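Overview (structure and organization)
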Amino acid sequence: MAGKKLNGTVIVTYRCNARCTMCNRYKAPSRPEEELSVETIKKLPEMYFTNVTGGEPFIRQDLKDIVRELYKKSDRIVISTNGFFTDRILELCREFPQIGIRISIEGLEQTNNEIRGLQDGFNRGYTTLKKLVEMGMKDVGFGMTVQDRNAADLVPLYLLSNQMQMEFATASLHNSFYFVEAKNIIHDRPMVAQNFENLINELLNSNSPKKWFRAYFNHGLINYIYGQRRLLPCDMSFDTFFIDPYGDVMPCNGTKDKEVMGNLNDQTWEELWSSPAAESVRRKVRCCDRNCWMIGSVSPAMRKYIWKPTWWVIRHKFLRFFKKKKYSMYELKIVRDYRDGKVTKEELDKLSTCDLNAVINDGLSEASKEQLAHKTGEEIVDADIRGQME
Ligand code: SF4
Ligand code: SF4
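Residues numbered from 1 in each chain as written. Chains lettered and ligands numbered in written order. Predicted model: local features only at pLDDT ≥ 70, side-chain atom pairs only at ≥ 80, totals over all residues.

**Some points on the overall build of the protein**
From N to C terminus, the protein includes 16 helices and nine strands. In terms of overall dimensions, the protein is globule-like: its C-alpha atoms have a radius of gyration of 20 Å, near the 21 Å expected for 390 residues. Overall, the C-alpha framework of the protein stretches about 55 × 50 × 45 Å when taken along its three principal axes. Counting across all 390 residues of the protein, residues that qualify as buried make up 45%. In the protein, the share of contacts with a sequence separation of at least 24, taken over all contacts with a separation of at least 6, comes to 74%. (Helix = DSSP H or I, 4+ residues; strand = E, 2+ residues; numbered from the N terminus. Rg over C-alpha atoms; globule rule 2.2 N^0.38 Å. Buried ≥ 20, exposed ≤ 12 C-beta atoms within 10 Å, placed from the backbone. Contact = placed C-beta atoms within 7 Å.)

Listed below in structure tokens is the structure:
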């Protein structure tokens, strides 16, 4: 593929050692023998940005080999991790000091450990982050999935990240095959939105242009939790892609069922990207009504439709220069309508992707499913990690 660089997310494994309340991926691991090989990674196109994720990517002991190969084709790489494998993270960062690391921290200590289900998870994540900063790593930060249980910790965690001079990335609850979950939903929308509003005002009051654009992203999260149409078009699969541990290339991680454009183990990138299957997925994306608002699909859209967030930033940052409170969630009509009783909670719930009766497609291969006939995902991964430690 000549010319244009893409934005790619590489899901290196579906194995995970955490037990998050909002994601059941730990119950549906991939088999290590089937996971993306370095040979397949070599076939990926040129990228301006690559996110490496999982499951928990550091469960893979050959992650360094993957990253080394990815650096031959990507300008910037960020790894999303739950921060548990401190030594492996530090070792990888010694070889790749330019890499970005985002550690998921779901709140202050107690809340984080309850949501993530990792014993001592907060301290491990926090210690890893501190060690990375001490090593001189520049592109390091927190990632938080905001929900009813942790919304009150949003601003305190942001302030902590600021104190440590780190990035602070937010998300909210989504449902999809990737999360092996269909029941995620925000219950107390005004409370969660109020916490986002507080964060947005903190971000707008900072001196960092990057944070002003993050404020726009968080404004989009309020819009999302009220079930509204995305603030920006979704162009996933046009200049952005995800690849799963089996080599299947997909538009994104937000669809209910796995949508496959082709398989990179069996095809070349050029064949796959211009195949009829890829075109058919693009047609589906054009009329997708899931309205996700995750950084993976929003960041490329903010880049592409830059005038829209830029105008929002100008209006909030500069035209309200002397106002301390630059942003109010009531700028969104739906938030006013809910406050004024013009729309009910039940009506908003229906706009979400939460489906209590959904049959969940976990996107696993037949062989990965087969291993679950005899053991649970947790048993398989725990034994796997024990074996690695020995
Ligand atoms: S959210 Fe991430 S860390 Fe938590 S179970 Fe899912 S894959 Fe694992
Ligand atoms: S809105 Fe975009 S990111 Fe979300 S499921 Fe649809 S195509 Fe994927």
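**Some remarks on the pairing of strand 5 (residues 140–146)**
By the criterion of burial, strand 5 is predominantly enclosed, with seven of the seven residues buried. Of the two faces of strand 5, the one lined by V140, F142, M144 and V146 and the one lined by G141, G143 and T145 are each fully buried. Relative to strand 6 (residues 167–172), strand 5 runs parallel, the two being bridged by six bridges. The residue of strand 6 that forms the bridge with G143 is A169. With respect to chirality, the unit in which strand 5 leads through helix 6 (residues 154–163) into the neighbouring parallel strand 6 is right-handed. (Pairing = 2+ DSSP bridges. Right-handed = clockwise from strand over helix to strand, strands pointing away.)

**A short note on the site of ligand 2**
If you check the shell around ligand 2, you find C234, M236, P251, C252, G254, T255, V285, C288, R290, N291, C292 and S297 and nothing else. Residues belonging to the shell around ligand 2 are distributed by class as follows: seven nonpolar, four polar and one charged. (Near = placed C-beta within 6 Å. Nonpolar A, V, L, I, M, F, W, Y, C, P; charged D, E, K, R; others polar.)

**Thoughts on the environment of F213**
Relative to the helices and strands, F213 resides in helix 8 (residues 209–225). Of the residues examined, F213 has 17 C-beta atoms within 10 Å and is grouped as partly exposed. The residues contacting F213, other than those within four sequence positions of it, are M302, P309 and V313.

**Topic: the sheet that holds strand 7 (residues 240–243)**
Taken in spatial order, the nine strands make up an open sheet running 6-5-4-3-2-1-7-8-9, and their pairing is mixed. Of all the strands in the sheet, just strand 6 and strand 9 (262–263) have a single pairing partner and so form its edges.

**Here's the deal with the packing of helix 6 against helix 7 (residues 189–204)**
Look at helix 6 against helix 7: their axes get within 9 Å of each other, and the N-to-C directions meet at 30°. One way to sum up the angle between helix 6 and helix 7 is to call them roughly parallel. Residue-level inspection shows L154, V155 and Y158 of helix 6 in contact with helix 7, the latter providing N195, N198, L199 and E202. Class assignment of the residues belonging to the contact of helix 6 with helix 7 gives a composition of four nonpolar, two polar and one charged. (Axes fitted to C-alpha atoms, helices over the stretch in contact; angles between N-to-C directions. Parallel < 35°, antiparallel > 145°, perpendicular 65-115°, else oblique.)

**What to know about unusual backbone geometry**
Even without a glycine there, the phi angle at D120 is positive, about 60°. Residue classification places D120 among the exposed positions, given that 11 C-beta atoms sit within 10 Å. Even without being a glycine, S237 presents a positive backbone phi close to 80°. Structurally, S237 can be placed in the loop between helix 8 and strand 7.

**Structural notes on the pairing of strand 1 (residues 6–11)**
Counting buried positions along strand 1 gives six out of six residues, so the element sits mostly inside the fold. Judged by which residues are buried, strand 1 turns out to be covered on both faces: L6, G8 and V10 on one side and N7, T9 and I11 on the other are all buried. One ladder, built from six bridges, connects strand 1 with strand 2 (residues 47–53); its direction is parallel. Residue pairing for strand 2: I11 is matched across the bridge by T53. In terms of strand pairing, strand 1 meets strand 7 through four bridges, oriented parallel. From the neighbouring strand, V10 faces strand 7, where its bridge partner is I243.

**Observations regarding the environment of V281**
Note that V281 resides in helix 10 (residues 276–286). Considering only alpha carbons, one finds V281 and M137, 144 residues apart in sequence, at a separation of 38 Å. Those residues in contact with V281 that lie beyond four places of it in its chain are S237, P251, E259 and M261.

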